[in-house]
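Each chain is listed here by its residues.
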Amino acid sequence: SFIFIQDFSQAMSQAGSSQFQEVIRQELEYSMKVELDKILATAHSNEIEHTKKDLEGFKKLFHRFLQEKGPSVDWGKIQRPPEDSIQPYEKIKARGLPDNIASVLNKLVVVKLNGGLGTSMGCKGPKSLIGVRNENTFLDLTVQQIEHLNKSYNTDVPLVLMNSFNTDDDTKKILQKYSHSHVKIYTFNQSRYPRINKETLLPIAKDVSYSGENTECWYPPGHGDIYASFYNSGLLDNLIAEGKEYIFVSNIDNLGATVDLYILNHLMNPPNGKRCEFVMEVTNKTRADVKGGTLTQYENKLRLVEIAQVPKAHVDEFKSVSKFKIFNTNNLWIALSAIKRLQEKNAIDMEIIVNPKTLDGGLNVIQLETAVGAAIKSFENSLGINVPRSRFLPVKTTSDLLLVMSNLYSLNAGSLTMSEKREFPTVPLVKLGSSFTKVQDYLRRFESIPDMLELDHLTVSGDVTFGKNVSLKGTVIIIANHGDRIDIPAGALLENKIVSGNLRILDH
């Protein structure tokens, strides 16, 4: 076996002859098959069925990974999307709502991507269980929003959570607390794929277990896995049988992703009579979003292009705010019947994302993933809708958490809206240093969340704490040097201030 090949792609390029490359590929696929069969042989009888499905899915992905070379887009073919393929939200809203909006709502299912852990914010367990506002978690807010919708319109919109093996147990335990809520909640699990050794391209797992020392051997393969795992779970067919027609998919940590009746109406009652199978909400890029995937026209189809697919020479062009003005919010509206049709034909085409990781012991592995929005090109009559920035409010870091906990937003029936008292349409730029990365450290450093209504920019670095009722306005920079500590006293007003034990910082 070709275990000694240090770098597969390098070997491929040096190999030259396609015949030799084909032999290597077949060798690698054969070795992979042998290893996966060994892993499957360790499964208990009650695990065999779903483990087999997972490993089959992985094998397909691995096969494609070996076939593909370099960035997957030909830069010369990328064009701006035609005018009518990305509609302004205002135009869709201007159509108003029909009287029978409840019957339209009854065709909808809300799906939240709930596979992620809170590790980037120093939390154990599912990210959806982190408290974001008045003791409410991401999941609480989601359930409140849908409950409010169902009560207001007397409808039955269910919530579906796509969990991963990392989040499933904890999430299911917590779901009991919603048993009396006016929302049906279903869950299904993402696939579980084996991480592979970067050098040998073989799985690092030796058996199917994923607890104890084996936790690092497996991973959930990105949210593009939704199509196969939703279909395989049987839930897709059940919902179609109940008369559901569209899913609204979004990340559970995007607090702006609420059900929008105008977009739903546009889907169900299209002005030209031809229904869209896939709608992607996009919003205008700011300097903070230069890495977000963008919608382009490619071979006469709308196509999502992510930064990982861009040839190196064109990365700066891709990041330019003037050429690619919008990015994907990952709020998607997709026809259930289309998912079923494409899944049965094995016709959902998503680019492979190769995600390199270094494990705790120093081993370099890769995980092969896909992204849900990349499938847009496989659906008929796709559309982009350019929505207001307020529909994209992701909480990825404690800096984001500070914004959503502050008086910049008010909370109503699970939905956050920007305070009318804020005079600017955009949120402040907040950068909290490494002392604030973990949620529990962050919470300890704020006795109460400062008044931020008139804040433009906040940078905090080092050992800094905030007393009660602090107000921040304009640009505020607080830097505690190594070994120093800065305590902002209760009731302090900082307006366009730089606070530091070291005056050189004034160059900022």
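Identification of the protein as UTP--glucose-1-phosphate uridylyltransferase from Rhodinocichla rosea is taken from an unreviewed UniProt entry. The protein has a UniProt comment under Subunit (unreviewed entry) that states "Homooctamer." Within the UniProt record for the protein, the comment given under Pathway (unreviewed entry) is "Glycan biosynthesis; glycogen biosynthesis."

Secondary structure summary: the protein contains 14 helices and 25 strands in total. Over its C-alpha trace the protein gives a radius of gyration of 24 Å, about what one expects of a compact globule, namely 23 Å for 508 residues. For the C-alpha atoms alone, the extent of the protein along its principal axes is close to 70 × 65 × 50 Å. Restricting the contact set of the protein to residue pairs at least 6 apart, pairs at least 24 apart contribute 71%. Here the protein holds 59 positive side-chain charges and 59 negative ones, and the gap between their average locations is 2 Å.

The next point concerns the sheet that holds strand 1 (residues 86-88). One key point about sheets: their strands pair by backbone hydrogen bonds, in either a parallel or an antiparallel sense. Taken together, 8 strands build an open sheet; the order of strands is 1-17-11-14-10-2-5-6 and the sheet is mixed. At either margin of the open sheet sits one strand with a lone partner, and together these are strand 1 and strand 6 (185-189). On average, each strand axis in the sheet is tilted by 25° relative to the strand beside it, whichever way the strands run. By the bridge criterion, 5 bridges tie strand 2 (residues 108-114) to strand 5 (residues 159-163) in an arrangement that is parallel. Note that in strand 5 the partner of Val110 across the bridge is Leu159.

This part is about the pattern of salt bridges. Going through the model one piece at a time under the given rule, you end up with 28 salt bridges. A salt bridge links Glu454 to Lys473, with the nearest nitrogen and oxygen atoms 3.7 Å apart. With Glu454 in the loop between helix 14 (439-445) and strand 21 (455-461) and Lys473 in strand 23 (residues 471-479), this residue pair connects regions lying 19 residues apart in the sequence. Through salt bridges with shared partners, one network takes in Arg64, Arg303, Asp349, Glu351 and Lys377.

Per the UniProt record, "binding site: UTP" (unreviewed entry) is found at Lys127, Gln190, Gly222, Asp253 and Lys396. Relative to the helices and strands, Lys127 resides in the loop between strand 2 and strand 3 (131-133). Discounting residues that sit within four places of it in the chain, Lys127 has contacts with Gly116, Leu117, Gly118, Met121, Phe138, Asp253, Val395 and Lys396. When you line up the elements, Gln190 lands in the loop between strand 6 and strand 7 (193-194).

Domain annotation of the protein identifies domain 1 (75-391) and domain 2 (398-500). Here the C-alpha centroids of domain 1 and domain 2 sit 30 Å apart. Listed by partner, the interface residues are 16 residues for domain 1 and 16 residues for domain 2. Applying the counting criterion to the domain 1 and domain 2 interface returns 5 residue pairs in polar contact (both at pLDDT 80 or more). Looking at the side of domain 1 that touches domain 2, the elements with two or more residues in it are strand 3 and helix 6 (138-153). The dominant element in the side of domain 1 that touches domain 2, judged by the number of residues it contributes, is helix 6, at 4 residues. When the residues that make up the side of domain 1 that touches domain 2 are grouped by side-chain class, the tally is 6 nonpolar, 9 polar and 1 charged.

This part covers the sheet that holds strand 8 (residues 196-197). The 3 strands lie next to each other as 8-16-15, forming an open sheet whose pairing is antiparallel. Bordering the open sheet on either side are strand 8 and strand 15 (353-358), each of which pairs with just one other strand.

Ranked by internal contacts, the top residues of the largest apolar core, which has 106 residues, are Ile226, Tyr227 and Phe466. In terms of residues, this core owes the most to one element, helix 6, which gives 6 residues. Mapped onto the domain boundaries, this core takes at least three residues apiece from domain 1 (75-391) and domain 2 (398-500). Among residues more than four places away in sequence, those in contact with Ile226 are Val111, Leu113, Met162, Phe188, Tyr231, Val249 and Val372. Listed in part, the 27 residues of the second largest apolar core include Phe62, Ile196, Cys217 and Val365.

Let us now look at the pairing of strand 18 (residues 409-412). Pairing of strand 18 with strand 19 (residues 415-418) involves 4 bridges; the strand directions are antiparallel. The residue bridging Tyr409 from the neighbouring strand is Met418, located in strand 19.

Turning our attention to helix 12 (residues 336-344). Within the sequence span of helix 12, burial applies to Leu336, Ala338, Ile339, Leu342 and Gln343. Seen along its axis, helix 12 keeps its buried residues to an arc of 160°; they face one direction. Summarising the contacts, the buried residues of helix 12 are in contact with helix 8 (226-232), helix 9 (235-241), strand 10 (246-251) and strand 14 (326-335).

One pass over the full model with this rule turns up 15 aromatic pairs. Taken together, a centroid distance of 5.5 Å and an interplanar angle of 70° make the contact between Phe58 and Tyr193 edge-to-face. Here Tyr193 lies in strand 7 and Phe58 lies in helix 3 (residues 45-67), a separation of 135 residues in the sequence. Both residues of the pair, Phe58 and Tyr193, belong to the buried class. Put simply, the rings of Phe58, Phe62, Phe65, Tyr193 and Tyr219 touch in pairs and so form one group of aromatic residues. Across from the ring centre of Trp218, 4.3 Å away, lies the NZ or CZ of Arg192, which sits over that ring. Note that Arg303 overlies the ring of Tyr298, its terminal NZ or CZ placed 4.2 Å from the centroid.

About the cut-offs
Residues numbered from 1 in each chain as written. Predicted model: local features only at pLDDT ≥ 70, side-chain atom pairs only at ≥ 80, totals over all residues. Heavy atoms only, no water. UniProt positions renumbered as here; feature names shortened; annotations may be inferred. Helix = DSSP H or I, 4+ residues; strand = E, 2+ residues; numbered from the N terminus. Rg over C-alpha atoms; globule rule 2.2 N^0.38 Å. Contact = heavy atoms within 4.5 Å. Lys, Arg positive; Asp, Glu negative; His and termini not counted. Charge placed at Lys NZ, Arg CZ, Asp CG, Glu CD. Pairing = 2+ DSSP bridges. Axes fitted to C-alpha atoms, helices over the stretch in contact; angles between N-to-C directions. Salt bridge = Lys/Arg side-chain N within 4 Å of Asp/Glu carboxyl O. Domains from an automatic or database assignment. Polar contact = N/O pair within 3.5 Å; in protein donor to acceptor, adjacent residues only side chain to side chain. Nonpolar A, V, L, I, M, F, W, Y, C, P; charged D, E, K, R; others polar. Core = buried A, V, L, I, M, F, W, Y, C linked by side-chain atoms within 4.5 Å. Buried < 20%, exposed > 50% of the residue type's maximum accessible area, 1.4 Å probe, protein only. Arc of directions from axis to C-beta. Phe/Tyr/Trp six-rings, centres within 6.5 Å; stacked < 30°, edge-to-face > 60°. Lys NZ or Arg CZ within 6 Å of the ring centre and 35° of its normal.

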